[in-house]
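# Chain and residue survey
Residues per chain are reported as follows:
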Amino acid sequence: MTENGRFGKVFWAALSRYTVMYLLLGVLCLLFLAPFAWMLSVSGHDLAGVFAEPYRWIPDRYRWENFGLVTSLLPFWRYAANTLFITVLVLIGTLLSCSLVAYGFSRIQFRGRDTLFALCLSTMMLPGQVTMIPLYMLFVSLGWIDTYLPLIVPAFFGSPFYIFLLRQFFMTIPREYDEAAVLDGAGRLRIYWSIILPLARPALAVVALFTFVGTWNDFFGPLIYLNSPETATLTLGLSMLKSQVVGTGATQWHLLMAGAVLIMLPNVVIFFLAQKHFVKGIAVGGLRG
Amino acid sequence: MKPHLLLTGTLIAASCLPGCGRQDVGGNAEVVYNCPANAADIDALKNEIPAFTAESHVNIKLNPFTGQDKLYAMMAAGQAPDIFYTNTTMRDRLAAEGRLLDLRTVSKGDPFVERLWPAVITNGTSPDSGWYSLGNWSFTLGVYYNRDLFDAAGLPYPDTAWTWETMRRLARRLTLDADGDGTPERFGIFIGSHFVEAIEQMNGAGIRPNTLLASLPDASAEAFEKYLSLMEEQLMPDIRRVQAMGMQPVQLLQSGRVAMLVEAVPHQMLIETLAIRWGVAPLPRFAGKPPKYFRTSSGGLSISSSTRFPEAAWQSVKWIVGKASIYQPNPVLRDLDFVGGWERRYPRLPGSGFREVWTLSLLHDGGDPRFFVRFSSWTSASILERLQPYLDRLWAREIGVNDVRTALPEINAHAARDLQDLLQREGIKPAFRRVIERELRSLERGAEQ
């Protein structure tokens, strides 16, 4: 076979392989994007348009006013401020506590460390339904119901998954850095704060992103622990858009979806801002550990 | 920033967050109402509560974030809200566990009770004869129809005395297979499978109220056959296809894919979204059978047995149902002009048949959800778990109605295990324990026969 012929064969083989791969990826992408596209489409309809047959994916006129209507039907900005407040504190708590615990598990030798780590990981096996009522009773006895404390304080006591993720990442950081810092007179907290944390930015970005998305979108926690409308978060507020009083009440799907789009926006923005760190953190934390 | 300073500062900030709990306000009794409402309704309620408090010295604290998980967590922690919504499937179970207040204890001699339609009390009554929920809404069933399609076919609109056979005949005339491919583009009617029990009732099925086990008497089987024949004749779209596509029945009517549709009356979403010329007729009667029009109070408001203020909670429930504007005019009250109120709210309603359908439901008691063991009893979950696969095969015409009847002992045995588990629990009230034991004995007798 000539050089040209071999090149052509390799070229076509690669082309067909990539074509199939990208086609598959494209189909998967469409599959994942379809609900998102539907949400965007519905948010621009009126209620009759949502139930029109056949459904029109692109409305005759995109009803931007739905977004304004959502913010006027609910104390939207109040709820957004509540959500942001909770999210920021949870973020701080999670990053501080998880990184500190992970630092201990990855850097400090002590008796029973591995057992403790296994115990910590085993708490991941407990489904939320099992701990829901005992936790609720605990928070009742502390007088924390209808406050933000049950939503925020647990974040300061670590989360096993993030501890695991960070520990794996910390273990990839050479110990020589610690030794050099010790020679310079740094204590453990100083090493943690000034050496480990700056080097672990990608992993911290992953934890921060997951925490942000999880807390921002959390519905169940606020539903269980909050009672007063003034303390509500965005997800709770959104649930109030569903009319449930009258047995056959109409759910305002177009407004619900407009609200969902608004709530989702910070997630999208943060994901794109942190995308580089996110991918790197996942790859390093997940594969090298 | 120093790490310990950041950590300490954040913890201090978190501990200073606003805290609130149940407090009595200015000497008024305060009751917590888990109110499943939207934001606008919550605002309306909040605006009206001060006037109620001034009059009654009862303050209602609204908790708009509701859900069964939350309710159960609150109950387990001894923090049950004073008032909350219960549907028929959860109410009896909670009542059996002693978690609900029997409303008879607080309503004795109260003239408010006289204002309620008797069916509202019956609907809220559990097998131990206790009254555990006050229905806060009510609906009947009707056949919504597309007037343009009737006019185009030169057919008269359904009247209040029409029969099942008339409905079939009209459905046949309205079914359209323009391209002749054997699959109609337009079907005459659509009836959701969850409404079959209403058809059974109309056909005279004598199902004992508050039974906990499934049965399929002859009249029920006959109603099933009639329902199935609509699909077999292609007068109705295949129910599995409609379910699989997740279609809202209202879409079928709006799009002209069906000419008639059985749905709840009133149906707010339908009234607000249908853009066609429509009318509504009562469910068709069965020839030779007395008219029966199903009407339900669709769950209701219950009071926790652990409330500190039973009288205040009862006063609040009465106010919510009878005065709060979001429920008015409320169809559960006899002395309010419900139809007139809705006709004023929705100008499409006068002349639509809405008034006639509602009036018929008041004149002829067509049973209530307590008859609907398959969908509305405390055993409906375990019954449906085993029954649904048979129903799916029935809709697919893989089996017949008699096969479903043959499977009933197996289905009921499954439900009986659920009941036996309940009997093992210590907190079950004696009256409910007796009901469960009665049901289990009847099952044993059936098995022996």
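Residues numbered from 1 in each chain as written. Chains lettered and ligands numbered in written order. Predicted model: local features only at pLDDT ≥ 70, side-chain atom pairs only at ≥ 80, totals over all residues. Heavy atoms only, no water.

Turning next to helix α11 (residues 201-217) of chain A. Since there are 3.6 residues in each turn of an α-helix, residues three or four apart along the chain are aligned in direction. Compared with the 24 Å implied by 1.5 Å per residue over 17 residues, the 24 Å span of α11 of chain A between its first and last C-alpha is a close match. Buried within α11 of chain A are the following residues: Pro202, Ala203, Leu204, Ala205, Val206, Val207, Ala208, Leu209, Thr211, Phe212, Thr215 and Trp216 of chain A. (Helix = DSSP H or I, 4+ residues; strand = E, 2+ residues; numbered from the N terminus. Expected span 1.5 Å × (residues − 1). Buried < 20%, exposed > 50% of the residue type's maximum accessible area, 1.4 Å probe, protein only.)

Here we take up the domain arrangement of chain A. Residues and elements named next belong to chain A. Looking at the assigned domains, one finds that chain A contains domain 1 (7-66) and domain 2 (75-288). Each of domain 1 and domain 2 was reduced to a C-alpha centroid, and the two centroids are 31 Å apart. Taken together, the contacts link 12 residues of domain 1 with 11 residues of domain 2. Buried area between domain 1 and domain 2, both sides added, is near 900 Å², and the carbon and sulfur share of it is 87%. Broken down residue by residue, the surface that domain 1 buries against domain 2 is led by Met39, Leu47 and Asn66, which jointly contribute 52%. (Domains from an automatic or database assignment. Contact = heavy atoms within 4.5 Å. Buried area = accessible area lost by both parts, 1.4 Å probe.)

Before going further, it helps to examine the nonpolar core. If you look at the biggest cluster of nonpolar residues, it comprises 192 residues, and the most contacted ones within it are Tyr33, Leu134, Ile189, Ile191, Met260 and Trp395 of chain B. Here this core gets 10 residues from one element, more than from any other, and that element is helix α19 (residues 401-424) of chain B. Residue contributions to this core reach at least three from each of two domains, namely domain 1 (7-66) and domain 2 (75-288) of chain A. Residue contacts for isoleucine 191 of chain B: discarding those within four places in its chain leaves Trp164, Ile199, Tyr227, Leu230, Met236, Ile239 and Val262 of chain B. One finds Ile163, Phe169, Leu204 and Val207 of chain A within the second-largest nonpolar core, a separate group that totals 27 residues. (Core = buried A, V, L, I, M, F, W, Y, C linked by side-chain atoms within 4.5 Å.)

As a further point, take the side chain of arginine 107 of chain A. Residues and elements named next belong to chain A. Checked against the element boundaries, arginine 107 lands in helix α4 (residues 76-107). Only 2.6 Å separates the side chain of arginine 107 from the side chain of aspartate 178, close enough to count as a polar contact. Setting aside residues up to four positions removed in sequence, arginine 107 forms contacts with Arg113, Phe170, Met171, Ile173, Pro174, Arg175, Asp178, Arg188 and Ile196. (Polar contact = N/O pair within 3.5 Å; in protein donor to acceptor, adjacent residues only side chain to side chain.)

With that settled, consider the pairing of strand β7 (residues 278-282) of chain B. Residue and element names in this part refer to chain B. Among the 5 residues that make up β7, 5 are buried, leaving the element largely enclosed by the rest of the structure. Of the two faces of β7, the one holding Trp278, Val280 and Pro282 and the one holding Gly279 and Ala281 are both buried throughout. As defined by bridge partners, strand β4 (residues 139-146) adjoins β7 across 5 bridges and the pair is classed as antiparallel. Along β7, the bridge assignment pairs tyrosine 144 with valine 280. (Pairing = 2+ DSSP bridges.)

Let's shift gears to unusual backbone geometry. All names here are of chain B. With an omega of 0°, the peptide bond running from valine 265 to proline 266 counts as cis. On the secondary structure map, proline 266 appears in the loop between β6 (258-265) and α13 (268-273). Along the chain, glutamine 328 connects to proline 329 via a cis peptide bond; the corresponding omega equals -10°. Residue position: proline 329 is located in the loop between α14 (310-322) and α15 (338-345). Phi is positive for glutamine 234, which is not a glycine, with a value near 60°. As for its position among the elements, glutamine 234 is in the loop between α10 (218-232) and α11 (239-244). Under the relative-accessibility criterion, glutamine 234 is labelled partly exposed at 32%. In this structure, arginine 397 takes a positive phi of about 60° despite not being glycine. Note on placement: arginine 397 falls in the loop between α18 (380-395) and α19.

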